Amino acid sequence: MDTLSPDSPSPVEVDSTPGLSRRGFLRAGALAGGGIAAVALAACTPAAAPPWTYAPSAAPTVSPPPASPGASLAAAASGEPSHDASHAPASSATPAVDHDANAAAVIKRFLGGEAATLPPVNAPLAPKVAGDTRVFELTIDAIDHRIDALKDPVKALGYNGVWPGPLLSVVEGQTVRAIFKNNLAESTGVHFHGQRVPNAMDGVPHITQEPIQPGASFTYEFVARTPGSHMYHSHHNATDQVGRGLLGAFIVQPREPAKRYDSLYGASQDIVWISNDTLGGFTINGRGFPATAPIVARLGETIVIRFMNEGIMMHPWHLHGMPMRVVARDGYPLGAAAFTCDTLGVNPGERWDVVVKCDEPGAWAFHCHILPHAEGPDGMYGMVTALIVQDKAAAVSLAAAGAPAYTCVIPASG
Amino acid sequence: MDTLSPDSPSPVEVDSTPGLSRRGFLRAGALAGGGIAAVALAACTPAAAPPWTYAPSAAPTVSPPPASPGASLAAAASGEPSHDASHAPASSATPAVDHDANAAAVIKRFLGGEAATLPPVNAPLAPKVAGDTRVFELTIDAIDHRIDALKDPVKALGYNGVWPGPLLSVVEGQTVRAIFKNNLAESTGVHFHGQRVPNAMDGVPHITQEPIQPGASFTYEFVARTPGSHMYHSHHNATDQVGRGLLGAFIVQPREPAKRYDSLYGASQDIVWISNDTLGGFTINGRGFPATAPIVARLGETIVIRFMNEGIMMHPWHLHGMPMRVVARDGYPLGAAAFTCDTLGVNPGERWDVVVKCDEPGAWAFHCHILPHAEGPDGMYGMVTALIVQDKAAAVSLAAAGAPAYTCVIPASG
Amino acid sequence: MDTLSPDSPSPVEVDSTPGLSRRGFLRAGALAGGGIAAVALAACTPAAAPPWTYAPSAAPTVSPPPASPGASLAAAASGEPSHDASHAPASSATPAVDHDANAAAVIKRFLGGEAATLPPVNAPLAPKVAGDTRVFELTIDAIDHRIDALKDPVKALGYNGVWPGPLLSVVEGQTVRAIFKNNLAESTGVHFHGQRVPNAMDGVPHITQEPIQPGASFTYEFVARTPGSHMYHSHHNATDQVGRGLLGAFIVQPREPAKRYDSLYGASQDIVWISNDTLGGFTINGRGFPATAPIVARLGETIVIRFMNEGIMMHPWHLHGMPMRVVARDGYPLGAAAFTCDTLGVNPGERWDVVVKCDEPGAWAFHCHILPHAEGPDGMYGMVTALIVQDKAAAVSLAAAGAPAYTCVIPASG
């Protein structure tokens, strides 16, 4: 058991020597907390909680680093050149102990499952079904929002009380009826960014509608004609209102099942990744590292990530270990213009869909490469998460255990 | 008649209940002012002033919003779910009246035709023709430039007295002779950005030429060999001189008519969109919202927009309602690398040509999606305009009225 | 001989009337200094020093401009419209003499060969060969680094004592063994950005390894499986450590010779261009203008430039005179998504490979088009260099002189 710092009120046992096969991730008995965390960023609800939780506990642990450098997370990998035994400081050097201690502590919080201690993000909102119409009912509220588990909540705004708002998903051709009730003390308007809508449904106050006054409601209704990755957000005093959290993902699945990512690419996870960079600092899906949830995949699995930028700065997302195939931009398939990269700049308002073949086992950093958005003098923070690819042994044990099939939170059919 | 604020010295009647067919836009009797505005951003000169002016008057109107929310601009659209009748504030809420009033007022200025009260932008400069040579004569001047109709003019610089400078347009293979007379109290140099020129014509003082001293002239002469969207601007103390307005569009039409946008895409408008972000704040073609001119098109019309960034920041341009097909970069056709999007990041120095099929009627916001470049606590400002797509009834009435055929300001032939 | 300013301690003779053929560049007797400078940015070692040095001397010269405007560098070009004879200031104008003097002086330093007075950059590190393994031994050191020849050195960090670190180059399929000895007073970790590596070799302290303590070493070993343009840099306290210089280029040549740029495109120069924008300001390969080295090519030559961004801002690189064909992104060939442009935005962490056909003779500015990264009130600085294309006469005289064939510093074979 690790030594615990005084500000970690819920000491828990942490697997202190995880190797590449990460027993911690597979401990099926600890699903309740970690399971939620594992799919928080993935924005997916498994048929049952998946067994690939990466931590046995729900409580964040903030610990000083081992007095002597312990085994690294990858230390179990055999056959690789190892850490030089000599750790004696150079005679003229004073080790920067404080930085390393803080950097280790924050990573421990991340790998210890801090995301699991917070509500899941991008949870889909189940619509009421009325023939071909999908009815979504949302409120617009002032909320207290936690960027991570330790900082005081920020005074934010949310659709249905959360930031990002609930994930709205329909199939091309369905009619969307989205009823927004404004519980704020200020007026607002909602724009479905990327959709073709009747002009009166475009959500730009004073141009296409009057502002939605405090206490009032407004119903947006349109046929979902533009498949792909889109967003909904405030278009009223928007620098402020979007910055404080009035934003969410709007996914339109193609009418033809063969064009959906599970069919097209064999993707078994379909992940929404919304960035913001104002209130609460640098966030992914409303969380800052170490409260960002990792993406967890099995070796060989193919996943889709839908980057959406709701902030005011470009962020170049860099995935370690394996490349991203970029297949769509703003919902439109790139076709012959598709490309492969490991670092993808996403400008405000843009959406980019990428496919990742998870063929390299390990824990791979996944972060904004504007380094001050990702790391400071006290370690990593903000726009950092990881793609954790479980090796074959883990995948086999999962199947043997009768692990439930993964169900993407973005419904492939209506 | 609307109530007028004291700082609106020229009260005019404004159509206060415009619907989708926008009678205001079609009032053929009011072409003199609005007509210029309508093509200001479009940078086009109609054979006669087009009848699609969106405002009947030349004077900006700054009015407080209606005491009770009036009909929205899109209220005439039938068959759409309407605004909820309940406008009672939530019991705990205080309506943010001031923001809404200011936001409405600035939009009213925009839709009321503020752009029409200012000189047109991107007006083409007719060259003298000498065989295959096109001779452009320009002065370089200190100017007072209006970002909008209400703010005090800024002390700026301009070619031929305007910011952006006049649009220069030639056909591939023609010889360009551009004579610049420096009326400034400081030296300068002019770079044709994107062109292949003899090195001595490249306009980089101390490397390819001496600076053009105050009172002196310099003649740039070269064969226009690189078709597409290019620019000319200062390359001397350029952070300052370009920031203050020494910039303009330089268009080289392909020699083969079949390669021009009217032939290639059936484009009937060819619009230059130059952004800047230093002196005068966030501007499109030297104007900030609400003095930016809307693009006005008929339903079904195809238009081309040439984004050019003369500022120091990337701007992601977002068009509501319909997508943009991106067909050229820096003047070079993208070919198989062409793509479709609704938000397009344009970096400083880049030019991107996009084709828009105007197939959704209505008034569509068109703005930089770095929200603080587009909206503040008092409403929208800076890098905002709109694409106004007139519906079929409007188009028919235009034809019936014998409206003149549109003539693009960018000459398709020399 | 030019008049020298007091702060130029090493007066040297400078060819004061260079024309397009630039006798200075061809003075074969002055190779020792200028030759190094000519290939500093090009990061290439000629079989013997190339004769296309652009300056006869190694010492920077800081001179006031001529009292009367002298012949411009391109003045020798005949048949072009010339500078207007009238230099009389406008009656109301006061010439901005100071700016011009400073601007001219800094360009004179650049063309006079300031880069040649500083150590070369991106020099390749020759590995020890052990079968299929390439062993690179590097130290991590605190260094004094010169951004240019006149400013005081900055307290920086370097691999093997230089910023950028030495260029590491291998062939796809070779095993890389890179041994880093940490001579700093702080811990660190090294990430091979863009490579597929075993997770334990990914260089993210506390996730894939323990930090490399002061005085300790760490060996990274992996098979180079991802061809193309990659980087190595600190991934520990990285905002600070990369900002201070812990970065370098890592090139993996494709296993098939036919896929290498010399075969694919006939490229005879293969140039690494790493930008940074924190400590030391805006730099290319660790130098700011006028200490950036120009790229020097013969008319008709094809060159490859590999842009790599190790900074925290996007930089749009603009080449005057001729376009860039963009063929790879992050090491992955773009294929059908390849495109042509003259201004290319490169985000932090991204790498873009471009091919330039040097078919326009002259000295062409090549700079970041965010103008405040390139020019200030006292002239150009920071992210500016030039592509100097020698005309045919020069190329012929080179061949006649038996000039040695150029050898790219990036070995095409291992």
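Residues numbered from 1 in each chain as written. Chains lettered and ligands numbered in written order. Predicted model: local features only at pLDDT ≥ 70, side-chain atom pairs only at ≥ 80, totals over all residues.

### So, the overall build of chain A
As a reminder, the rule being used: Strands here are runs of E lasting at least two residues and helices are runs of H or I lasting at least four, both read from the DSSP assignment and numbered beginning at the N terminus. Neighbour density around each residue's C-beta defines its exposure: 20 or more other C-beta atoms within 10 Å make it buried, 12 or fewer make it exposed, and counts between make it partly exposed, where C-beta atoms are placed from the backbone. Here, residues touch in the contact sense if the C-beta positions derived from the backbone fall within 7 Å of one another.
Broken down by element type, chain A carries six helices and 23 strands. Put simply, chain A has 414 residues, and 64% of those count as buried. Pairs at least 24 residues apart make up 78% of the contacts formed inside chain A by residues separated by at least 6 positions.

### Side note on the confidence of the model for chain A
Residue and element names in this part refer to chain A. Stated precisely, the cut-off is as follows: Residue-level confidence of the predictor, termed pLDDT, takes values from 0 up to 100.
This prediction gives chain A a mean pLDDT of 79; 71% of its residues lie at or above 70. This model gives residues 1–97 a pLDDT under 50, and the stretch forms 231 contacts once residues within four places in sequence are excluded. Per the prediction output, this complex has pTM 0.82; the corresponding ipTM is 0.80.

### Quick notes on unusual backbone geometry
In this structure, the amide linkage connecting A:Trp163 to the following residue, A:Pro164, adopts the cis form with an omega of 0°. Mapping A:Pro164 onto the fold places it in the loop between strand E3 (154–159) and strand E4 (168–171). Residue A:Phe289 is joined to A:Pro290 through a cis peptide bond whose omega torsion reads 15°. Its location among the elements puts A:Pro290 in the loop between strand E11 (283–284) and strand E12 (295–298). In the Ramachandran plot, B:Asn237 falls in the positive-phi region, its phi being about 45° despite a non-glycine side chain. Relative to the elements of secondary structure, B:Asn237 occurs in the loop between strand E8 (228–234) and helix H4 (238–243). Its 28 C-beta neighbours within 10 Å are what place B:Asn237 among the buried residues.

### Section: the environment of C:His191
All names here are of chain C. Counting through the fold element by element, His191 comes out in strand E6 (residues 190–193). Since 25 C-beta atoms lie within 10 Å of it, His191 is described here as buried. Residues His191 and Tyr220 lie 29 residues apart in sequence; the distance between their C-alpha atoms is 9.2 Å. If near-sequence neighbours (up to four positions away) are discounted, His191 is found in contact with Asp202, Gly203, Val204, Tyr232, His233 and His235.

### A look at the sheet that holds strand E14 (residues 315–319) of chain B
All names here are of chain B. We apply this condition: A strand pair is defined by DSSP finding two or more bridges across the two strands. Fitting a line to C-alpha atoms yields each axis, with helices limited to the stretch in contact; the angle taken between N-to-C directions then spans 0 to 180 degrees.
The mixed open sheet is built from five strands, whose spatial order is E12-E23-E20-E14-E18. Each edge of the open sheet is held by one strand with a lone partner, namely strand E12 (295–298) and strand E18 (343–346). Averaged over all neighbouring strand pairs, the angle between strand axes comes to 20°, with direction disregarded. One ladder, built from six bridges, connects strand E20 (residues 362–368) with strand E23 (residues 384–390); its direction is antiparallel. Looking at the pairing, His367 lines up with Val384 of E23.

### Things to note about the environment of A:Ile179
Residues and elements named next belong to chain A. Tracing the sequence through the fold places Ile179 in strand E5 (residues 175–182). When the C-alpha atoms of Ile179 and Glu221 are compared, they prove to be 8.5 Å apart, with 42 residues separating the residues in sequence. In this structure, Ile179 is in contact with Glu137, Leu138, Ser217 and Thr219, ignoring residues within four places of it in sequence.

### Details of the environment of A:Ala116
Summarising the element assignment, A:Ala116 is placed in the loop between helix H3 (97–111) and strand E1 (128–130). Distance from A:Ala116 to A:Glu301, taken between C-alpha atoms, is 23 Å for residues 185 residues apart in sequence.

### Some thoughts on the pairing of E5(A)
Residue and element names in this part refer to chain A. Because side chains alternate across E5, one face comprises the buried residues Val176, Ala178, Phe180 and Asn182, and the other comprises Thr175, Arg177, Ile179 and Lys181, none of which is buried. In this sheet, E5 lies alongside strand E2 (residues 133–145) in parallel orientation, the contact comprising eight bridges. Pairing of Glu137 across the sheet is with Ile179, part of E5. As judged from the seven bridges shared by E5 and strand E7 (residues 217–223), these two strands associate in the antiparallel manner. When the bridges of E7 are listed, Lys181 appears paired with Ser217.

### Looking at the sheet that holds strand E6 (residues 190–193) of chain B
Note on sheets: strands pair through backbone hydrogen bonds, and any given pair is parallel or antiparallel. All names here are of chain B. Read from one edge of the open sheet, four strands run E4-E9-E8-E6, paired in mixed fashion. The open sheet is flanked by strand E4 (168–171) and E6, the only strands paired with a single partner. The sheet shows a mean angle of 20° between the axes of neighbouring strands, direction not considered. Bridge analysis of E8 against strand E9 (residues 247–253) gives six bridges, and the strand direction is antiparallel. Looking at E9, one finds that His233 is bridged to Leu247.

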